[in-house]
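Observations on the three-dimensional arrangement
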Amino acid sequence: MPSPEGLLVSGVTVRFGGVTAVDGAGLTAPPATVTGLIGPDGAGKTTLCDVIAGLRRPCAGTVRLDGEDLTGGGARDRVRHGIARTSQRPGPSGALTVHESVRAAAGRHVKARRHAGASWAERWRRRRDALRDTGRQADEILARVGIADYAERRASSVPPDVARLVALAQALAAEPAVLLLDEPWTGLPVRRARALEVLLRDLAAEGLAVLVAESELEPVMGVCDVLHVLDAGRMIATGPPVEVRADRRVRDAYRASPGPGADAALSA
Ligand SMILES: Nc1ncnc2c1ncn2[C@@H]1O[C@H](COP(=O)(O)OP(=O)(O)OP(=O)(O)O)[C@@H](O)[C@H]1O
């Protein structure tokens, strides 16, 4: 479901008591593009992602998709409008298998989707057919994400790297226009990390607006078209990855916050 204009976030501020986690930050995530949101630990990336996903109400600022202001809605409203998010700490739980959990996500999407049609009977027929297709859809998504072998495993029992990919599969089952991923490479073995890069590029080529939040620079360098850099809640740089990595403000921000992200940023 490609979106014609994409995501536009402007002037977002979030405070936690005396801490300003996000301070007037904005970004764009256009269709057919992989956009990165990077910054050292504590920069405000997760908080900004929460605002975009409708999980946190900002003190100021707006979230628009294709020109429509979604700021006042919650998480379900965002999903209905085509914004799907995978979180930093996914936790598939309960007794469902991996396949069932992805199928359930697809089914929820079918039920939430607005079925335009001439009559009530026509809308009902479309919904019934779409629900019947959710099993096939789950098969396709699991194959695409590279975890078809885990389809019959209990979702709560898969290893953490696979659990991350189950969360991604569930997000894709909502047929999003904007796919928002928070630190998707964390804990993935090299083979899966490379496959994820290819998948994100493929999804963008199909028209999706992909937005990836990541502390470390290295994983996003080869996959993102453009990077937005947050530091202490403020957007300090925006541009192509190579330019951003060379930016003095970005290097200073990472230098002030030692960690693996800093090593990659400063070694370039
Ligand atoms: N629920 C909360 N209550 C109080 N302070 C919070 C809360 N959530 C985040 N913060 C603070 O807001 C700031 C931004 O945090 P956030 O988790 O958004 O940063 P981040 O860039 O995602 O960091 P990381 O990469 O470490 O996850 C930090 O100073 C953090 O301590």
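Relevant structure appears above.
Summary of the structure given here. Residue numbering note: each chain is counted from 1, following its sequence as written. The model is predicted, so local features are restricted to residues of pLDDT at least 70 and side-chain atom pairs to those at 80 or more, both for listing and for counting; the totals for chains, interfaces and linings are taken over all residues. With hydrogens and water excluded, all non-hydrogen atoms of the structure serve as input to the side-chain values.

**Focus on the site of the ligand**
The condition is simple: Nearness here has a simple test: a residue counts as near a molecule or strand if at least one of its heavy atoms is within 4 Å of that partner. Under this definition, polar contacts are N or O atom pairs within 3.5 Å; protein pairs additionally need one hydrogen-donor-capable and one acceptor-capable atom, and for neighbouring residues in sequence, both atoms have to be side-chain atoms. Residue burial considers only the protein chains on display, and all accessible areas are found by Shrake-Rupley using a 1.4 Å probe. Secondary structure follows DSSP: runs of H or I at least 4 residues long count as helices, runs of E at least 2 residues long count as strands, and numbering of each begins at the N terminus.
Looking at the ligand, there are 13 residues lining it, with G42, G44, K45, T46 and T47 nearest. Between G44 and the ligand, the recorded distance is 2.9 Å, taken from a backbone N or O atom to an oxygen atom. Burial of the ligand by the protein chains amounts to 60% of its free accessible area of 630 Å². A total of 3 residues in the shell around the ligand trace back to one element, the largest contributor, which is helix α1 (residues 45–52).

**Some words on the sheet that holds strand β5 (residues 68–69)**
Threshold: By the convention used here, strands pair only if DSSP detects at least 2 bridges between them. By definition in these notes, contact holds between two residues if any of their heavy atoms fall within 4.5 Å. Note on definitions: angles span 0 to 180 degrees between N-to-C directions of axes, and those axes are lines fitted to C-alpha atoms, for helices only across the stretch in contact.
What the 4 strands build is an open sheet, ordered β2-β1-β4-β5; its pairing is antiparallel. With one partner strand each, in any of the chains shown, β2 (19–29) and β5 form the two edges of the open sheet. Pairing of strand β1 (residues 7–16) with β2 involves 8 bridges; the strand directions are antiparallel. Bridge pairing in β2 links L8 to T28. Packed on one face of the sheet, α1 meets β1, β2 and β4 (60–65) and runs near 120° to β1.

**Side note on α1**
What counts is decided by this rule: Only protein chains enter the accessibility calculation, which uses a 1.4 Å probe; a residue whose area is less than 20% of its type maximum is buried, one above 50% is exposed, and one in between is partly exposed.
Among the 8 residues in α1, 7 count as buried, and that is most of the element. Those residues of α1 that fall on the buried side of the exposure criterion are K45, T47, L48, C49, D50, V51 and I52.

**Things to note about the side chain of T86**
Along the polypeptide, T86 turns up in strand β6 (residues 83–86). Overall, the relative accessible area of 6% leaves T86 in the buried class.

**Thoughts on the pairing of strand β9 (residues 226–231)**
On a regular strand, each side chain points to the face opposite its neighbour's, so the side chains alternate between the two faces of the sheet. Taken across its 6 residues, β9 has 5 buried, putting it largely inside the fold. Across 4 bridges, strand β3 (residues 33–38) lies against β9 in parallel orientation. From the neighbouring strand, G36 faces β9, where its bridge partner is L227. Sheet topology places β9 next to strand β10 (residues 234–239); 5 bridges connect them, and they run antiparallel. Of the residues in β10, the one forming a bridge with L230 is M235. Hairpin connection between β9 and β10: a loop of 2 residues separates the two successive antiparallel strands, and A232 in this loop has a positive phi of roughly 50°.

**Observations regarding the side chain of R192**
Along the polypeptide, R192 turns up in helix α7 (residues 190–205). What makes R192 buried here is its relative accessible area of 9%. In this structure, R192 is in contact with G146, I147, Y150, D161, V162 and L165, ignoring residues within four places of it in sequence.

**Quick notes on the nonpolar core**
Applied cut-off: Among the buried residues, those of types Ala, Val, Leu, Ile, Met, Phe, Trp, Tyr and Cys that are joined through side-chain atoms within 4.5 Å form a nonpolar core.
Counting 51 residues, the largest nonpolar core has V145, I147, L168, W185 and L200 as the members making the most contacts within it. When residues of this core are assigned to their parent elements, the largest contribution, 9 residues, is made by helix α6 (residues 160–173). The residues contacting L168, other than those within four sequence positions of it, are T86, V145, L179, L181, L196 and L199. Within the second largest apolar cluster, 26 residues are counted, among which are V9, L48, C49 and V63.

**Examining the pattern of salt bridges**
What counts, and what does not: We define a salt bridge as a side-chain nitrogen of Lys or Arg found within 4 Å of a carboxyl oxygen belonging to Asp or Glu.
Tallied over the full model, the rule gives 15 salt bridges. The closest approach of N and O atoms between R144 and E206, which form a salt bridge, is 2.5 Å. Note that R144 is positioned in helix α5 (residues 134–145) and E206 in the loop between α7 and β8 (209–214), a separation of 62 residues in sequence. Notably, a salt bridge pairs D252 with R255, separated by 3.0 Å at the nearest N-O pair. Note that D252 and R255 are positioned in helix α10 (residues 248–255) at a spacing of 3 residues, about one turn of the helix. Residue class for D252 comes out partly exposed when judged on its relative accessible area of 33%. Taken together, the shared-partner salt bridges connect D50, R85 and D182 into one network.

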